[in-house]
Amino acid sequence: MDDMSLKDYLAEGGMLTSPANVPPRYRAELLKLMATFVDSELAGAAGFADTINRGPGIKERIAAAKIVLEKTDNADKVLKIMGDFGADEVRYANHHPWTARLDRDADIGTRRVEHDMRLAVFNYPLEGWGDAVVMNLLMGQAVGVQMGEFVKVSYQPLAEAFRDIAPVEARHAELAHEGIGRLIAEGQSDQLQASVDYWWPRVAASFGIGNPDRFEALREMGLRHTPNAELKSAWQARAGDTLSQLGLKAA
């Protein structure tokens, strides 16, 4: 299959199945997508792990520990696929400072830091249990929207991995919803709203600013399907509705 016919094949929804039939540019973009997911999951799990013992009860601590375990497992699923492309899985998992965070008032927009490929939102520290649960809810809603994109990627093993990961991530958002409901019942609405105001713009930034030319190139490779602005709008609607149900407001 020549380059032009491969391009047409992917643009029309074709799937690639192994590193052997992946062209160089496709490989580079696929690895970037996978690294962003893996790094974000590992950084998110590392940050949330620090909050486990801040949970107000055993049920909350079990839920937090479950989230940390499953996010790490989700990262491992995708890292194994990166291993098929030559990534050193053992060194990869131990090489980056997953717990590293910036100051709470830092403002890096959508920029990455030098350590790894995590989304910018995972560079900000959590402040207490309620703050962690709010961040997990808003980011969980964002991941839910992004998963709708990920499960359609044109590299079949990755699409299959994301189909396994999607319901696990959805459950994390549900656990956060339940946790916020309990905190509101305890009279913590004001503190939770302050956390919403803090995390809303930072989670929104995780959708990026959008580059039409780059999006079109990725769309032709079957690695993207929906523009960033549409994904962000879908998240704003979903997260805004969820917050409204809880008696909180989108920032």
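Notes on the structure in this doc start here. Numbering of residues starts from 1 in each chain and follows the order in which that chain's sequence is written. The model is predicted, so local features are restricted to residues of pLDDT at least 70 and side-chain atom pairs to those at 80 or more, both for listing and for counting; the totals for chains, interfaces and linings are taken over all residues. Only hydrogens and water are removed before side-chain values are computed, so all heavy atoms of the structure are retained for them.

### A word on helix α3 (residues 58-84)
- Counting from the N terminus, the helices are DSSP H or I runs at least four residues long and the strands are E runs at least two residues long. In a helix, the anticipated span is given by 1.5 Å times the number of residues less one. Taking 1.5 Å as the rise per residue, α3 with 27 residues should run 39 Å; its terminal C-alpha atoms sit 40 Å apart, in good agreement.
- With its phi angle positive at about 105°, Gly86 sits one or two positions after the end of α3.

### Some words on helix α5 (residues 128-150)
- In this model, α5 (23 residues) spans 31 Å end to end at C-alpha, consistent with the 33 Å of a helix rising 1.5 Å per residue.
- Within α5, 21 of the 23 residues are buried, which leaves it mostly tucked inside the rest of the structure. For each residue, the accessible area found with a 1.4 Å probe, counting protein chains only, is set against the maximum for its type, and the residue is called buried under 20%, exposed over 50%, and partly exposed in between.

### Describing the packing of α3 against helix α6 (residues 156-185)
- To define axes, lines are fitted to C-alpha atoms, for helices over the stretch in contact only, and angles between the resulting N-to-C directions are given on a 0 to 180 degree scale. One way to put it is that α3 packs onto α6 with a least axis distance of 10 Å and a crossing angle of 165°. In terms of orientation, α3 lies roughly antiparallel with respect to α6. When you trace α3 past α6, the crossing you get is left-handed. Note on element contacts: α6 touches α3 through Pro157, Leu158, Ala161, Phe162, Asp164, Ile165, Val168, Glu169, His172, Leu175 and Arg182, opposite Lys59, Glu60, Ala63, Ile67, Glu70, Lys71, Asn74, Lys77, Val78 and Ile81.
- Lys, Arg, Asp and Glu make up the charged group, whereas Ala, Val, Leu, Ile, Met, Phe, Trp, Tyr, Cys and Pro make up the nonpolar group; the residues left over, Gly among them, are polar. Residue composition of the contact of α3 with α6, by class: 11 nonpolar, two polar and eight charged. The labels follow the angle: roughly parallel below 35 degrees, roughly antiparallel above 145, roughly perpendicular from 65 to 115, and oblique for the rest. Two helices crossing with the near one rotated counterclockwise from the far one by less than a right angle form a left-handed crossing, whereas a clockwise rotation gives a right-handed crossing. By definition in these notes, contact holds between two residues if any of their heavy atoms fall within 4.5 Å.

### A look at the packing of aromatic side chains
- Classification of ring pairs uses Phe, Tyr and Trp, with its six-membered ring standing for Trp, and accepts pairs whose centres are within 6.5 Å; under 30 degrees between planes counts as stacked, over 60 as edge-to-face, and the remaining range as tilted. If you walk through the whole model with that rule in mind, you get 10 aromatic pairs.
- The interplanar angle of 80° and the centroid separation of 6.5 Å between the aromatic rings of Tyr124 and Trp199 together place this pair among those described as edge-to-face. Here Tyr124, found in the loop between α4 (89-95) and α5, pairs with Trp199, found in helix α7 (residues 189-204); they are 75 residues apart in sequence, far enough to count as distant. Residues Tyr124 and Trp199 agree in their burial class; the two are buried.
- Put simply, the rings of Phe37, Phe150 and Phe162 touch in pairs and so form one group of aromatic residues.
- Lying across the ring of Tyr198, Arg104 places its NZ or CZ 3.6 Å from the centre.
- Two conditions define a charge sitting above a ring: the NZ of Lys or the CZ of Arg must be within 6 Å of the ring centre, and it must be within 35 degrees of the ring normal. The ring of Tyr124 has Arg202 lying over it, and the distance from NZ or CZ to the ring centre is 4.9 Å.

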